[in-house]
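Listed below, chain by chain, are the residues.
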Amino acid sequence: MAAHEVDTEGPSDTGGRITITEIARQAGVSVPTVSRVVNGRSDVSPKTRARVEELLRRHGYRKRPTASGTGAALLDLVFNDLDSPWAVEIIRGVEEVAHAAGVGTVVSAIHGRSGDAREWMRNLRARASDGVILVTSDLEPVLHEELRILGVPLVVVDPAGSPALDAPTIGAANWSGGMAATEHLLSLGHRRIGLIAGPPRLLCSRARFDGYRAALEGAGLVVDDAVVVPGDFRPESGFAGCNTLLDLPDPPTAIFAASDQMALGAVEAMRRRGLRVPEDMSLVGFDDLPEVRWSAPPLTTIRQPLADMGKLAVRTVLRLARDEQPDSPRVELGTELVIRASTAPPAR
């Protein structure tokens, strides 16, 4: 997709070169706002447009002719990794709203590596995006500062923790989801419920664990550390975690896996041992990815509105690009228990 067709430099009234970044600094607006004025876009307030146009005239800024002659809007969507159906669901939501708004999307993965993140930042500066949607908040402090200086509107989706960036965040109700999953198993009569947890550094993982614990405590039970095993949201960790639970002298009768992919790994671990879901072990996941509706058996899970999170992120970042503030700086979309065939009363 084409980036902004806009020159980043023009002649100044002092004979030097003036950058869009400098114009933005003097006008007290973001770089994308100046870019939209240069490209004749309508989504800028009259007061801001007049201020920017005055500075452009004062410095003698002239837009360089380009091949396409367009000034199409562009958003950056950045993940740690793209090797998950979870990421695909967010992309689907982002693309739906962005396409309807006539906005292009550049999708990047930085893999948690410093070099990849820096390369993405260089590309971001070059293409003058209208906004950034970060589905990760694990950026180095120096990159946080660069984003702040650039003034590019930013939204963080599913933040790992308290974001270091002063940006709106969009997440899901992970605590209530973890509680609903565990309460469902309790309602079926399960009292020894295992948990395959997500990475503890992630806010969503901690919230799901806290919801699990709250449901147990509400039923007069305490968390048994022996039936809480670590995972990383991937199928392999669900497979390993389930095997650990099954090897206990007193294994649980049900498992809450903190992601659907880990739940699918757990199903495979049980299958290899000749165990059946839910006859021998009940299982609940978290996410409601499309494939779990067709797993054997179809998975009971907590529906996380991933596509809706992507849609809201686009609407929010476009509001910021118009110099409008979101209704709330912190949004949590609701989760929902979806009961299918992987849960039943305990056999013992």
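With that settled, consider the overall build of the chain. Each helix and strand in the chain was counted, giving 11 helices and 14 strands. Relative to its full complement of 348 residues, the chain shows a buried share of 53%. In the chain, of all internal contacts separated by at least 6 residues, the share reaching a separation of at least 24 is 72%. Carbon and sulfur atoms make up 53% of the accessible area of the chain, which totals about 15400 Å².

Turning our attention to helix α6 (residues 141-150). Within α6, the full set of buried residues consists of Leu-143, His-144, Leu-147 and Leu-150. Seen from one end, α6 has its buried residues packed into an arc of 130°, which puts them on one side. Away from the buried face of α6 by more than 90 degrees, exposed residues Pro-141, Arg-148 and Ile-149 are located. Next to the buried residues of α6 lie α2 (31-38), α5 (114-127), β5 (131-135) and β6 (154-157).

It is worth spelling out unusual backbone geometry at this point. Among all residues save glycine, negative phi is the norm, and among peptide bonds the norm is trans. With an omega of 5°, the peptide bond running from Val-277 to Pro-278 counts as cis. Here Pro-278 shows up in the loop between α10 (260-272) and β11 (282-287). The residue after Ala-296, namely Pro-297, is reached through a cis peptide bond having omega 0°. With respect to the secondary-structure elements, Pro-297 resides in the loop between β11 and β12 (300-303). For Asp-288, which is not glycine, the phi dihedral falls at a positive 65°.

Topologically, Val-228 is positioned in strand β9 (residues 228-229). Classification of Val-228 by relative accessible area gives partly exposed; the value is 24%. Excluding residues that lie within four positions of it along the chain, Val-228 makes contacts with Leu-195, Phe-209, Tyr-212 and Val-223.

Attention shifts here to the nonpolar core. In this structure, Ile-196, Tyr-212, Cys-242, Ile-255, Phe-256, Met-270 and Leu-283 are the most contacted members of the largest nonpolar core, which totals 38 residues. Contributions of two or more residues to this core are made by α7 (174-187), β8 (193-196), α8 (203-218), α9 (235-246), β10 (254-257), α10 and β11. Take this core: its biggest share by element is six residues, from α10. Aside from chain neighbours lying at most four places away, what touches Leu-283 is Ile-255, Ala-263, Ala-266, Val-267, Met-270, Val-277, Leu-299, Thr-300, Ser-342 and Thr-343. Among the nonpolar cores identified, the runner-up in size contains 25 residues, and Leu-75, Ile-133, Ala-172 and Val-317 belong to it.

Counting across every chain of the model gives 21 salt bridges. Taken together, the salt bridges that share partners define one network made up of Asp-288, Arg-293, Arg-303, Glu-336 and Arg-340.

Thresholds, definitions, all that
- Residues numbered from 1 in each chain as written.
- Predicted model: local features only at pLDDT ≥ 70, side-chain atom pairs only at ≥ 80, totals over all residues.
- Heavy atoms only, no water.
- Helix = DSSP H or I, 4+ residues; strand = E, 2+ residues; numbered from the N terminus.
- Buried < 20%, exposed > 50% of the residue type's maximum accessible area, 1.4 Å probe, protein only.
- Contact = heavy atoms within 4.5 Å.
- Areas by Shrake-Rupley, 256 points an atom, 1.4 Å probe, with all protein chains shown as cover.
- Arc of directions from axis to C-beta.
- Core = buried A, V, L, I, M, F, W, Y, C linked by side-chain atoms within 4.5 Å.
- Salt bridge = Lys/Arg side-chain N within 4 Å of Asp/Glu carboxyl O.

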